[in-house]
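# Descriptive analysis of the structure
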Amino acid sequence: MAPAGWCKQKQSSGRYYYQHKKHWDCVSPGAFCAKTQRNAYGYSMRAAAHTKRYKCVRYPSNTWHWKPVKA
């Protein structure tokens, strides 16, 4: 699925995701999280704005990924 319109522009970091106040926008579900994103919340780059929420969590393999948050 293609990224939503507001997520198609690369940020100065070279990435498509960006921090907005206390959450991250345009994250890729299941992707690795950056160290600065650990335990933070974010919203999917593949859905309407702020509809699919994710959290950067540590997996048993000791890696960090964006995981869906249940409502």
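First, a word on what this report is: a plain description of the structure on this page. (Residues numbered from 1 in each chain as written. Predicted model: local features only at pLDDT ≥ 70, side-chain atom pairs only at ≥ 80, totals over all residues. Heavy atoms only, no water.)

Positionally, S44 belongs in strand β3 (residues 41-44). Of note is the side chain of S44, whose polar atom sits 2.9 Å from the backbone nitrogen of R46. S44 has contacts with C26, V27, P29, K52 and Y54, leaving out every residue within four places of it along the chain. (Helix = DSSP H or I, 4+ residues; strand = E, 2+ residues; numbered from the N terminus. Polar contact = N/O pair within 3.5 Å; in protein donor to acceptor, adjacent residues only side chain to side chain. Contact = heavy atoms within 4.5 Å.)

Pairing in this open sheet of five strands is mixed, and the strands run β1-β2-β3-β4-β5 from one edge to the other. Either end of the sheet is taken by a strand with one partner, and the two such strands are β1 (18-20) and β5 (64-68). Between one strand and the next, the sheet's axes are offset by a mean angle of 40 degrees, whatever the strand orientation. The sheet contact formed by strand β4 (residues 53-58) and β5 spans five bridges and is antiparallel. Residue pairing across strands places K55 opposite K67, the latter belonging to β5. (Pairing = 2+ DSSP bridges. Axes fitted to C-alpha atoms, helices over the stretch in contact; angles between N-to-C directions.)

Looking now at the packing of aromatic side chains. With the rule as written, the count across this model stands at one aromatic pair. A centroid spacing of 5.8 Å and a plane angle of 75 degrees characterise the contact between Y17 and W24, whose relative ring orientation is edge-to-face. Overall, the relative accessible area of 23% leaves Y17 in the partly exposed class. The side chain of R53 reaches across the aromatic face of Y41, ending 3.8 Å from its centre. (Phe/Tyr/Trp six-rings, centres within 6.5 Å; stacked < 30°, edge-to-face > 60°. Buried < 20%, exposed > 50% of the residue type's maximum accessible area, 1.4 Å probe, protein only. Lys NZ or Arg CZ within 6 Å of the ring centre and 35° of its normal.)

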